[in-house]
Amino acid sequence: MQRAVLLLVCIVLIVAWGAISAFQMQRDYLPSINNTTLLVSLRVPSYQADQIKKTVTDKVADAVRTADGLTNVETTSYDGGLLMNLYFPMDYDMAKAQSQVKQALESADLPDGVNQPTVTRLTTNSFPILSYSLTSDRMDGNALRSTVQTAITKQLKSVPGVANVQAVGAANDGYVITVRMNDLQKNGMTVDDINKSLTTAMPAWASGKIPNGKASIPIRIEGLNWSDQQIRDIAIQNKQGKKIPLSAVADVSHSLTDVKTVSRTNGKPSVLLNVLKAPSANITDVSDRVQQRIAQIPAIKDGDVSLTMMLDRAHELNASLMGLVREGLLGCLFSMLCVFFFFRNVRSTLLIAVSLPISLLATTAVLKWAGITLNILTVSGLIVAMGRIVDDSIVILDNMYRRIQESKADNGKSMLHTTASAVNEMLPAIFASTATTIAVYVPIALVGGVISASFSGFAWSVVTALVVSFFVAMLVIPSFFFMGWKGVTGESVTLESKMKPLLHFAFRNKRLVILTSIVIFVGAGIYSAFLPVNFLPSAKSGQVAVKVELPKGSTLGQVDAEVKKVEDTLKANPNVAAFSATFGSSFEPQSDDVFDQGGGSIAQPNVANLSVTLKDKNQLNSFIPSLQSSLSPLSNKVIYTVSNQNISGDDSQLKVMLTGPDQKSVDDAGQKVRAALAQVSGLSVDGKVDMTNGTPKYMVALDQNKIEQAGVKLDDITRVLSRYFTQPKDFSITTSALAIPGDMYLDQLQEKGNGGNDAATLMSSLASEAFTAKNGQKVRLDQLATISQNHTPSSIQERDGQPYTAVTTQIISNDMSGVSAKVQQTLEQTSLPKGVSFSLGGISEQVTQMIIDMSIALAFSVLLVLLITSAVFKGWRAPLAVLLSIPMALSGVVLSLILFGGEWNLAALIGVLMLVGIVVTNGIVMIDKIERNRLEGMELQELQFEEAYLGYAQS
């Protein structure tokens, strides 16, 4: 305290260091959560599920099992592809795991023509930081979805810090050729003839090199452009030399190609652009650069197209930071007002104001040094810590103020001695209270699981702030107090007159007070079991989510037609301000919840999702049932689910895992469970609209005896079947050094001017294919073979080699625990096939794990508090008295949740831990003072009154 200049210089350096660190600190929306699931995906469109299982899945699974640390393998073999979830232990090095899995897959012996599997790692950087809706009123939808979006996407990808830009609803501008197979056969042509003729007519030598001796001359060909009519007139030639124009056997149109997903905004074509940042990039810097680049794009500057921001994570983070500043200023203001009210001293008030910025900036500097990012959770930790930072300073200030007043009559003691003794007197209590509060938060970072992965930064920010505030209270506040003291005048405000009657009543009626406290605690404990339980806070965005589910196997066009019906309904609703729709599937693994350790899934092409924004958000609760009743009559083959759209990141997904002895048993159980859960209110069940296997499958079983008896050549049958099995080959048209993509489709039935191409008609056509028998008569294929539906499953799921199936549902009610209980009850009452058992996963598993982890953290916190208080106080009475404050605090938590309609969730449980630290802190300070007064000979009841008054004043 005697080296004021040195102290001031140190504080200035710390504040400057903290301020610079705050600006340089990497900013992210969420902390780097180590999701320990890898996704392996593979597309083989020509293979069915059972073929995928036999020829691809087993080989891939055998290869990946060589990776270190692998705990479980889940495989889903479906018609056209494979999705595999690989589970690793929590806190495992997932970068290493991803590298090992990629290396292992290189040794997989896959069939010819099957591409190498893709390995996807889910991190917080897998989710967009910015989302834009690209629309236009000046150009057609085809140009918007192809050339325009391609140019804008390319611009955004070149922004420093941008890792990728995902375009939903994008396509390519090109040509579509639909080959009429019947016309092709009549003209004696094959699909191979078309492919060869197109390659010859449209060579891909727009640029290249001309060899000239040992040198080569680069050259580029320009001026070669194709019109639609020229493409239609391309000559198709077969092996016999016969030539016909392409238009004689195919329809040619200038259209979009490679259409996988569709996006619309307010019923108009749009493209949803999702911007992903690089892991080490600063979210605010990337956001600013992207928005600056957007403002420079000519098409946007001229108003030809518009980009509407749908999501801005950087803005949300900056708003939280501004909230921290606002809360800091308000906390500073209210703390100053409270201190001024009790101490009636301006200098004392300014001392408390100084402690907040010093503590927060020093904490920021330490967090940057430790490599912790500034994200939504660490900011929350700093906000939480603010309420606790000034406590130690106020206690020290109050004791110094009181000791100086008491020493007025004693002129023998100097100001320095009095101030130092006041600080030394409170040192054990302040140290113990800070240590116990730290002990409450440290288990969050050490308990493991998704809570540690998510909230370790939150915990360390609180712990760091408390440690810094301890040193500020012990060193800075006394020094500034001593430097600025000019003599204490006036008396501090006391609540003794108001609190004395209440305290006398409590001490005279101890049994009544204790009994009442026990009744309140027991009642709160019983009622707490009936409160709703969620994983994350059920914050609402004020928007409505609409899910449209069609039967499996529905085409993109069929989904489009049903979505347009919903859009027409929304347009006619006066309460709707805007809406957007996305549907289709790129068959890339997706996951919208980084907290979910269950891996990802493939977006189903038969499901569409719409987001609806209301004009009046206050009408949300009445709008949802009204819209549900309006949509239900639109189609009896479509399931419409209208729900409140969460913004917490939690998808409210609940999975029922069914395991059994064989695939048929678990599939049958899955159908029963879907049908039963469809009756549970507040639950949306995927797949309940269609209990079949989706697109119908067929089997052709050739009868060799009948073929031999009829004398039909096997080559003739093979030639006909090959025509049906021929796969189209995409092509490209090179014009002026540009390659225009083209899609080719085969229409097995349609002839020029005729339509009809459903599965039943197609199989009827195949059955009627005629062959010449040995007696010269015609024999149909269905006379030589049995054609029947094939009931093999569309997907085959296994976990560690054992059959299982997952029934996926979504809880659309706020009471997740209540709906989960109904699901559990329904499953227990459902009669499942012999040997089949069920378990709940998804949000139910997350909630259960959350309760277990937080219970462990709370238990460790209480034990650490008991350890510290036992080290500070002798005997067992004082530590027990401190711990008794915890149950009553928990009673207050439950009463508050009941009063304000709250729920148990991760944020509420973190708040319980925080409250434990606060009440224990106050208890330690009071018990410490009581113990010291007892040593000075004060009567127990007298000192209890005194410290009760002091405690009320300090609180």
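About the cut-offs
Residues numbered from 1 in each chain as written. Predicted model: local features only at pLDDT ≥ 70, side-chain atom pairs only at ≥ 80, totals over all residues. Heavy atoms only, no water. Helix = DSSP H or I, 4+ residues; strand = E, 2+ residues; numbered from the N terminus. Buried < 20%, exposed > 50% of the residue type's maximum accessible area, 1.4 Å probe, protein only. Contact = heavy atoms within 4.5 Å. Areas by Shrake-Rupley, 256 points an atom, 1.4 Å probe, with all protein chains shown as cover. Expected span 1.5 Å × (residues − 1). Axes fitted to C-alpha atoms, helices over the stretch in contact; angles between N-to-C directions. Parallel < 35°, antiparallel > 145°, perpendicular 65-115°, else oblique. Left-handed = near helix turned anticlockwise from the far one by under 90°. Phe/Tyr/Trp six-rings, centres within 6.5 Å; stacked < 30°, edge-to-face > 60°. Patch = residues over 30% accessible without salt bridge, like charges linked within 9 Å, V, L, I, M, F, W, Y side chains within 5 Å. Salt bridge = Lys/Arg side-chain N within 4 Å of Asp/Glu carboxyl O. Lys, Arg positive; Asp, Glu negative; His and termini not counted. Polar contact = N/O pair within 3.5 Å; in protein donor to acceptor, adjacent residues only side chain to side chain. Core = buried A, V, L, I, M, F, W, Y, C linked by side-chain atoms within 4.5 Å.

## Details of the overall build of the protein
Link 1 in the chain: Within the protein, the secondary structure is distributed over 28 helices and 32 strands.
Link 2 in the chain: For the protein, with 955 residues in total, the buried portion stands at 47%.
Link 3 in the chain: By sequence separation, contacts in the protein at least 24 residues apart represent 80% of the contacts at least 6 residues apart.
Link 4 in the chain: Carbon and sulfur atoms provide 57% of the accessible area of the protein, an area that totals close to 45,800 Å².

## What to know about helix 11 (residues 346–369)
Link 1 in the chain: Between its first and last C-alpha atoms helix 11 spans 36 Å; for 24 residues at 1.5 Å apiece the expected length is 34 Å, and the two agree.
Link 2 in the chain: Where helix 11 ends, the next residue or the one after it, Gly371, has phi of about 80 degrees, a positive value.

## A few points about the packing of helix 17 (residues 556–572) against helix 18 (residues 620–631)
Link 1 in the chain: At a closest axis distance of 11 Å, the pairing of helix 17 and helix 18 adopts a crossing angle of 135 degrees. Taken together, the axes of helix 17 and helix 18 are oblique relative to one another. Here the hand of the crossing between helix 17 and helix 18 comes out right-handed. From helix 17, Val566, Thr569 and Leu570 reach across to helix 18, where they touch Leu627, Ser630 and Leu631.

## A short note on the packing of aromatic side chains
Each aromatic ring pair is characterised by the separation of its centres together with the angle its planes make.
Link 1 in the chain: Applying the stated criterion to the full structure yields 3 aromatic pairs.
Link 2 in the chain: Residues Phe88 and Tyr92 carry aromatic rings whose centres are separated by 5.4 Å and whose planes lie at 25 degrees to one another, so their mutual orientation is stacked. In terms of burial, Phe88 and Tyr92 fall into one category: buried.
Link 3 in the chain: Aromatic side chains Phe431 and Phe470 sit 6.0 Å apart centroid to centroid with 70 degrees between the ring planes, which places their arrangement in the edge-to-face category. Residue Phe431 is found in helix 13 (residues 415–446), and its partner Phe470 is found in helix 14 (residues 449–484); the two are separated by 39 residues along the sequence.
Link 4 in the chain: In textbook terms, an aromatic cluster arises when at least three aromatic residues are bridged by ring pairs, as seen for Phe431, Phe470 and Phe471.

## A closer look at a nonpolar patch on the surface
Link 1 in the chain: Together, Ile514, Ile518, Ile520, Phe521, Val522, Ile526, Tyr527, Phe530, Met888, Leu895 and Ile898 line one region of the surface with nonpolar side chains, adding up to about 1,000 Å² of accessible area.
Link 2 in the chain: When residues of the nonpolar patch are traced back to their parent elements, those giving at least two are helix 16 (510–528) and helix 26 (885–899).
Link 3 in the chain: It is helix 16 that contributes the most residues to the nonpolar patch, 7 residues altogether.
Link 4 in the chain: By secondary structure assignment, the location of Ile520 is in helix 16.
Link 5 in the chain: Ile520 gets classed as partly exposed once you look at its relative accessible area, which sits at 36%.

## Some words on the side chain of Thr434
Link 1 in the chain: Mapped onto the elements, Thr434 comes out in helix 13.
Link 2 in the chain: Apart from the residues lying within four places of it in its own chain, the contact partners of Thr434 are Arg388, Asp392, Leu466 and Phe470.

## Brief notes about the packing of helix 2 (residues 49–64) against helix 3 (residues 94–105)
Link 1 in the chain: Closest axis-to-axis distance for the helix 2/helix 3 pair is 8 Å, and the angle between their directions is 130 degrees. In this view, helix 2 runs oblique relative to helix 3, as classed from their interaxial angle. Classified by chirality, the crossing of helix 3 by helix 2 is right-handed. Facing helix 2, whose interface residues are Val60, Ala63 and Val64, helix 3 presents Val101, Ala104 and Leu105.

## Re the pattern of salt bridges
Link 1 in the chain: If you walk through the whole model with that rule in mind, you get 15 salt bridges.
Link 2 in the chain: The salt bridge involving Glu798 is made with Lys53; its shortest N-O contact spans 3.7 Å. Residue Glu798 is located in strand 30 (residues 795–799), and its partner Lys53 is located in helix 2; the two are separated by 745 residues in the primary sequence.
Link 3 in the chain: The class of Lys53 is buried, set by a relative accessible area of 16%.
Link 4 in the chain: The salt bridge involving Glu562 is made with Lys565; its shortest N-O contact spans 3.5 Å. Taken together, the residues Glu562 and Lys565, both in helix 17 and 3 residues apart, mark about one turn of the helix.
Link 5 in the chain: Since its relative accessible area comes to 12%, Glu562 is described here as buried.
Link 6 in the chain: Look at the salt bridges and you will find they share partners, linking Lys53, Asp58 and Glu798 into a network.

## Let's talk about the side chain of Asp193
Link 1 in the chain: Tracing the backbone through its elements, the reader meets Asp193 in helix 6 (residues 191–201).
Link 2 in the chain: Lys196 provides the closest opposite charge to the buried, unpaired Asp193, separated from it by 5.9 Å.
Link 3 in the chain: In this structure the side chain of Asp193 is engaged in a polar contact, spanning 3.0 Å, whose partner is the backbone nitrogen of Thr190.
Link 4 in the chain: Not counting residues within four places of it along the chain, the set of residues in contact with Asp193 comprises Gly188, Ile236, Gln237, Asn238 and Lys239.

## What to know about unusual backbone geometry
Link 1 in the chain: Phi is positive for Asn266, which is not a glycine, with a value near 55 degrees.
Link 2 in the chain: Here Asn266 is to be found in the loop between strand 13 (261–265) and strand 14 (268–277).
Link 3 in the chain: Positive phi, normally seen in glycine, also occurs at Asp800, with a value near 55 degrees.
Link 4 in the chain: With respect to the secondary-structure elements, Asp800 resides in the loop between strand 30 and strand 31 (802–811).
Link 5 in the chain: Residue Asp800 is classed as partly exposed on the basis of its relative accessible area, which comes to 37%.

## Some points on the nonpolar core
Link 1 in the chain: Ile152, Val290 and Trp904 are the most contacted members of the largest nonpolar core, which totals 111 residues.
Link 2 in the chain: When near neighbours in sequence (up to four residues on either side) are disregarded, Val290 contacts Leu130, Tyr132, Leu156, Val159, Val162 and Val275.

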